[in-house]
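In case you want the letters, here they are:
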Amino acid sequence: MLYKINSCASIGIEMVNISVEINIFSRGLPCFNIIGLANKSVEESKHRVYTAIQNSGNTFPNKKITVNLAPADIPKHGSFYDLPIAIGILCHILNIMPPDSALFYGELSLDGSLRNTKGVLLACLYAKNNNFRKLYFPEASLTEATSAGYSGIMPVKNLSQLVMHLDHGERILTKPTLNNTSVDARSDEDSITNIKGHILAKRVLTISAAGGHHVMFVGSPGVGKTVLARSLNSILPPLNQKEYMEVAKIYSSVGLLTGNSARPFRSPHHTISHAGMLGGGTPTVPGEISFAHRGVLFMDEFPEFSRSVLEALRQPLEDGEICIVRNKGMYRFPSKFSLVAACNPCPCGYYGDEEHKCICSPRQINNYRIKFSGPILDRIDLYLQLTTYNSYFFNTSTSMPEESLATIRNVVTRSRSIQCERFKNEKILNNSELTGALIDKYVVLSSDADVLLKKVVVKLNLSIRAFLSLKKVARTIADLNGSEVVQEGHIAESIQYRYHF
Amino acid sequence: MSGYVDYESNEYPVTLKNVKDAPKRLYYRGDWDSTIFSACVGVVGSRRMTLYGGRVTFKFVHDLTCFGITIVSGFMYGVDTAAHESCIQNHGRTIAVLPCGIDVAYDGMRDRLLDSILAEKGLIISEYPEGCAAKIWTFHRRNRIIAGLSKAVLVVEAGLDSGSLITANFAKKYGRTVFAVPGSIFSEYSKGTLQLIHDGANSATSPNDILDFLDLDVNTDSFSLKDASSVTIIDLISIENSLEQQIYLLLKKNTLSSEELALVLHEHIADVNSKVTLMLMSGLISESDNKYFV
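Rules behind the numbers
Residues numbered from 1 in each chain as written. Chains lettered and ligands numbered in written order. Predicted model: local features only at pLDDT ≥ 70, side-chain atom pairs only at ≥ 80, totals over all residues. Heavy atoms only, no water. Helix = DSSP H or I, 4+ residues; strand = E, 2+ residues; numbered from the N terminus. Buried < 20%, exposed > 50% of the residue type's maximum accessible area, 1.4 Å probe, protein only. Areas by Shrake-Rupley, 256 points an atom, 1.4 Å probe, with all protein chains shown as cover. Arc of directions from axis to C-beta. Contact = heavy atoms within 4.5 Å. Core = buried A, V, L, I, M, F, W, Y, C linked by side-chain atoms within 4.5 Å. Axes fitted to C-alpha atoms, helices over the stretch in contact; angles between N-to-C directions. Parallel < 35°, antiparallel > 145°, perpendicular 65-115°, else oblique. Nonpolar A, V, L, I, M, F, W, Y, C, P; charged D, E, K, R; others polar. Buried area = accessible area lost by both parts, 1.4 Å probe. Salt bridge = Lys/Arg side-chain N within 4 Å of Asp/Glu carboxyl O. Polar contact = N/O pair within 3.5 Å; in protein donor to acceptor, adjacent residues only side chain to side chain. Pairing = 2+ DSSP bridges. Expected span 1.5 Å × (residues − 1).

Draft legend 1. Highlighting the overall build of chain B. Of regular secondary structure, chain B possesses 12 helices and 12 strands. Here chain B holds 294 residues, and 53% of them are scored as buried. Here chain B displays about 12,900 Å² of accessible surface, and carbon together with sulfur accounts for 52% of that area.

Put into structure tokens, the structure is as follows:
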């Protein structure tokens, strides 16, 4: 007797159809084999299926069972084939036909219950897009599944419940769950207003949040680079529904979806491998740049990252996605993130600090800086040298009123919506993505701003790259002020944040 | 042009001749003109010059070269380089004393500085023959030539264990007057100079201190001219808006970053940043290391 059960498997963050064929033969020695490039986790599935069926009060057929996972040339990994395999065998035991147009996806526990399985969101989207009527999946993954907006979800607690459903038509109830995506999940713990002083850095972060510009902080150890970087998330607007789905797909593919709508903040350690940063491995999973999609990628000790990792960032910074080609196929992961890079001014960290002695030789300092020169710097618009807070100014700053979190958030949100409106006919979302012709089109300078810019280019000997960065940053500053035309003051302010080390 | 001058030669600088362990022979590059040695001041300091050190060096060297004084220094990073550069900018003559053969480039980056020293009729000298590499001890020995050539030695910034203090010691030994520029008691790079002052060196708080010592006929006209121009700048500013004026007045007293300006003035950082850039562009203020000054 042959049963065909539909399931699906993820290739990167996309799903493909997998047809699970279960053949149960009365003749021949009893055995249980899985074929179709199954790896160890799939291979072990037969023990889980066998035990789960037995423990659910059914007798496992003592026959020759062959399971084929088609198409047979895609390598299979993961534990979610447990449910389709078990369903095929249960259909034989109960002598029923499997439901039409239904997908089965989930991992079994030995007691017959279903466990939270990674990729449920992707499976829901797949079922929705390919018009499957139902998707049976573990109830433990219900929260993840609801955000897909798919009507045919069938959350299953355990095999016994599924048997009652398939055999006796008992209904599976889909409890409505709270959809967290509308809740503002930005924590106040890392709020930018918890940082005292550092008004210049906060201004830079506000500009970055508004225009999506990448930032680099240079400063001595302990000056507050990390805390500042973390606070960027608190002023970024929450993910909208479209962005949330993009992020959720990435996190679902590795089973890390938490269901809140805060923007991701990733801070990989500088010893990270090429594959860890960009994505890769077996099975191919997204890397840190994709986990930071629509959020913040914080790279502390920027020059300490390996050269190949730093250089490999160029393409994702430019295109907003990474394309990984392996012999098993090609994977595309989105990777539009705000980069916050932090580094010391020199290897010992105290170059230019008046109160500590720098012990680096000029050559060491040169070698350190060479690491972050070149094309990667093209893509960072905002640079800031952080200095140790002088206690004198620290005291005065307490009496100075600072902008509230709500004010900053409002200003950022407003300038983001201005950009949204401006670029509605373009492929880009914010000012940092402006390039060549678009800069000329959208960065309209007032006449005195133009004069100033020309003067600055000559006087400061600016490169083309710095020149274009200036214009983009000035555009964002103008947006923060709600000004349609870029004024002289906006250009003048943007000059403060140029690369000048 | 290069060559050498022996101790016995009439061309040999008189000031250096008096020194007990004067080099037997001086190798040089450039046009040897004995008048260059008539009034030399050594300017030395830390390799890791701070912003303050840079300003001091620029000011002192600028004023000294106005009176035709030759600046002697060691062609090292930091204060040495700043001293040579400021001198050249002002079209003064400067002598770079190398710790190695005159043809040995121990740092390719500064070939340009070397050329511009020669272009302004300066000299590159060394007691070591051509091809001789720099060693730790040659840096030490080189310092005695700087001290020997100079009538006075100005130490701009120095750490407690720095080479500049060695130069100052040589100068003391040879009976030269040592000037040290007082600095912040918190700065690592002023501890050496403060120590010198503590031990009896003259404190140099203005280029006039050195000019007075050298007993030069100070031409006050050039200074009054400078003051006059700054008055017009203030007038110019007072008709501008008040934030610019406030910034200008603060920076006249202090060297501040834009962040510090904003905190003191209680103004939004964006406005301060924008104003500061405009003032920088119009030449009202200067910037170094993200700090602004007038």
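Now, onward.
Draft legend 2. Focus on helix 2 (residues 45-55) of chain A. All names here are of chain A. Those residues of helix 2 that fall on the buried side of the exposure criterion are Ser45, Lys46, Arg48, Val49, Ala52 and Ile53. The buried residues of helix 2 all sit within an arc of 160 degrees when viewed along its axis, so they share a single face. Where the residues of helix 2 are buried, they touch strand 3 (31-35), helix 1 (40-43), helix 3 (82-94), strand 6 (107-108) and helix 6 (159-168). Immediately downstream of helix 2, the backbone of Gly57 shows phi near 90 degrees, a positive value.

Draft legend 3. How the structure looks around unusual backbone geometry. The residue after Ala70(A), namely Pro71(A), is reached through a cis peptide bond having omega -5 degrees. Relative to the assigned elements, Pro71(A) resides in the loop between strand 4 (64-70) and helix 3. Cis geometry is adopted by the peptide bond preceding Pro283(A), which originates at Thr282(A) and carries an omega value of -5 degrees. With respect to the helices and strands, the residue Pro283(A) is situated in the loop between strand 12 (279-280) and strand 13 (285-286). In this structure, Glu301(A) is a non-glycine residue whose phi angle is positive, near 55 degrees. Given a relative accessible area of 24%, Glu301(A) falls into the partly exposed group. Notably, His266(B) is not glycine yet its phi reads approximately 55 degrees, a positive angle. Examined against the element boundaries, His266(B) turns out to sit in the loop between helix 11 (258-265) and helix 12 (269-281). For His266(B), a relative accessible area of 38% gives the class partly exposed.

Draft legend 4. The nonpolar core, seen in detail. Grouped together as the largest cluster of nonpolar side chains are 98 residues, with contacts concentrated most on Ile89(A), Met216(A) and Met277(A). Top element by residues in this core is helix 4 (residues 120-129) of chain A. It accounts for eight residues. Every residue in contact with Ile89(A), bar those within four places of it in the chain, is listed here: Ile22(A), Ile24(A), Phe32(A), Val49(A), Ile53(A), Phe60(A), Pro61(A) and Ile65(A). Formed by 51 residues, the second largest nonpolar core is a distinct cluster that contains Val223(A), Leu232(A), Leu256(B) and Ala262(B).

Draft legend 5. Representation of the environment of Ser417(A). Residues and elements named next belong to chain A. One can find Ser417 in helix 17 (residues 405-422). Taking the relative accessible area as the measure of exposure, Ser417 reaches 43% and is therefore partly exposed. Distance from Ser417 to Asp479, taken between C-alpha atoms, is 9.6 Å for residues 62 residues apart in sequence.

Draft legend 6. Focus on the packing of helix 21 (residues 488-495) of chain A against helix 12 of chain B. For the pair helix 21 of chain A and helix 12 of chain B, the least separation of the axes is 7 Å and the interaxial angle reads 90 degrees. Compared by their axis directions, helix 21 of chain A and helix 12 of chain B come out roughly perpendicular. Residue-level contacts link Glu488(A), Gly489(A), Ala492(A), Glu493(A) and Ile495(A) of helix 21 of chain A to Ala270(B), Asn273(B), Ser274(B), Thr277(B) and Leu278(B) of helix 12 of chain B. When the residues that make up the contact of helix 21 of chain A with helix 12 of chain B are grouped by side-chain class, the tally is four nonpolar, four polar and two charged.

Draft legend 7. A look at the interface of chain A and chain B. Each side of the interface is counted separately: chain A has 36 residues, and chain B has 32 residues. Counting each side, the surface lost to burial between chain A and chain B is near 3,100 Å², with a carbon and sulfur contribution of 58%. Counting across the chain A and chain B interface gives zero salt bridges. Put simply, chain A and chain B have 10 residue pairs in polar contact (both at pLDDT 80 or more) between them. Counting only elements with at least two residues in the side of chain A that touches chain B, the list comes to helix 7 (199-211), helix 14 (362-370), helix 16 (391-398), helix 19 (447-459) and helix 21 of chain A. Examining the composition of the side of chain A that touches chain B, we find that five residues originate from one element, helix 21 of chain A, more than from any other. Within the side of chain A that touches chain B, the residues separate by chemical class into 15 nonpolar, 11 polar and 10 charged.

Draft legend 8. Molecular detail of the pattern of salt bridges. All names here are of chain A. If you walk through the whole model with that rule in mind, you get 27 salt bridges over all chains. Here Lys249 and Glu14 are joined by a salt bridge, their closest N and O atoms 3.8 Å apart. With Lys249 in helix 9 (residues 241-253) and Glu14 in strand 2 (residues 14-25), this residue pair connects regions lying 235 residues apart in the sequence. Judged by relative accessible area, Lys249 falls into the partly exposed class, the value being 23%. The partner of Glu246 in a salt bridge is Lys242, with the nearest N and O atoms 3.6 Å apart.

Draft legend 9. Broad picture of the sheet that holds strand 12 (residues 291-293) of chain B. A sheet is described by the order of its strands in space; here three strands give the open sequence 10-12-11 (chain B), paired in antiparallel fashion. If you trace the sheet from one side to the other, it starts and ends with strand 10 (256-257) and strand 11 (286-288) of chain B, each paired once.

Draft legend 10. The arrangement of helix 20 (residues 464-480) of chain A in detail. For helix 20 of chain A, spanning 17 residues, the distance from its first C-alpha to its last is 25 Å, which sits close to the expected 24 Å at 1.5 Å a residue. Once helix 20 of chain A finishes, Gly482(A) follows within two positions and takes phi at roughly 70 degrees, a positive value.

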